[in-house]
Amino acid sequence: MNTPMNRREWLKTSGKVALAAAVAPLVFVSKADAGTLASKASVHYQDHPSGSDMCSNCANFIPGANPTAMGTCKLVAGSISPHGYCFDYVPR
């Protein structure tokens, strides 16, 4: 039995939908957009590659002064080895 929704029920439902729409972008913002960097532990960073996947081949890696120098990452805090690897790895 589908009864028509009364005004009070409609307002409650509409309010919940509007609140969800307003909060959703805050919940799903990426780490880079938030301006905070992840810790090495949270992304399981390691100083050695995982097969052929390594930081120097990652789109988020910012190289150091030379190819073997420590660099930085757009997503992970601290100095990053070009031969390292973490779960945020994205191939170039």
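Whatever comes next refers back to the structure up there.
For every chain, the first residue of its written sequence is number 1, and the numbers climb from 1 along that sequence. Per-residue local features are limited, in this predicted model, to residues with pLDDT of at least 70; the limit for side-chain atom pairs, both in listing and counting, is 80 or more; totals at the level of whole chains, interfaces and linings are taken over all residues. The side-chain figures draw on all heavy atoms in the structure; neither hydrogens nor water molecules are used.

Student: Would you mind going over the side chain of Ser81 with me for this structure?
Tutor: Only DSSP runs of H or I reaching four residues or more are called helices, and only runs of E reaching two or more are called strands; each is numbered from the N terminus. Within the secondary structure layout, Ser81 lies in the segment after strand E2 (72-73). By relative accessible area, which is 10% here, Ser81 ends up buried. Only heavy atoms enter the contact rule, under which two residues are in contact if any of them lie within 4.5 Å. Residues within four places of Ser81 in sequence aside, it is in contact with Tyr45, Asp47, Cys55, Phe61 and Met70. The rule is simple: take the accessible area with a 1.4 Å probe, protein chains only, and divide by the maximum for that residue type; under 20% is buried, over 50% is exposed, in between is partly exposed.

Student: Would you take a moment to explain the packing of aromatic side chains for this structure?
Tutor: Aromatic ring pairs are reported here in terms of the distance separating the ring centres and the angle at which the planes meet. Two aromatic rings from Phe, Tyr or Trp, using only the six-membered ring of Trp, form a pair when their centres are within 6.5 Å; if the ring planes differ by under 30 degrees the pair is stacked, by over 60 it is edge-to-face, and anything between is tilted. Under the definition given, this model contains one aromatic pair. On the basis of an interplanar angle of 45° and a centroid distance of 5.8 Å, the ring pair of Tyr85 and Tyr89 is categorised as tilted. The residues Tyr85 and Tyr89 share a single accessibility class, namely buried.

Student: Can you help me understand a nonpolar patch on the surface in this one?
Tutor: The grouping of Met5, Trp10 and Leu11 at the surface amounts to a nonpolar patch, some 350 Å² of accessible area in total. Looking at the element boundaries, Met5 is found in the segment before helix H1 (7-27). Residue Met5 is classed as partly exposed on the basis of its relative accessible area of 47%. For patch building, the residue pool is restricted to those with more than 30% relative accessible area and no salt bridge; the joining distance is 9 Å between like charges and 5 Å between nonpolar side chains (Val, Leu, Ile, Met, Phe, Trp, Tyr). Per-residue accessibility takes into account occlusion by the displayed protein chains alone, with areas from the Shrake-Rupley method and a 1.4 Å probe. By convention in these notes, a salt bridge is any Lys or Arg side-chain nitrogen within 4 Å of a carboxyl oxygen on Asp or Glu.

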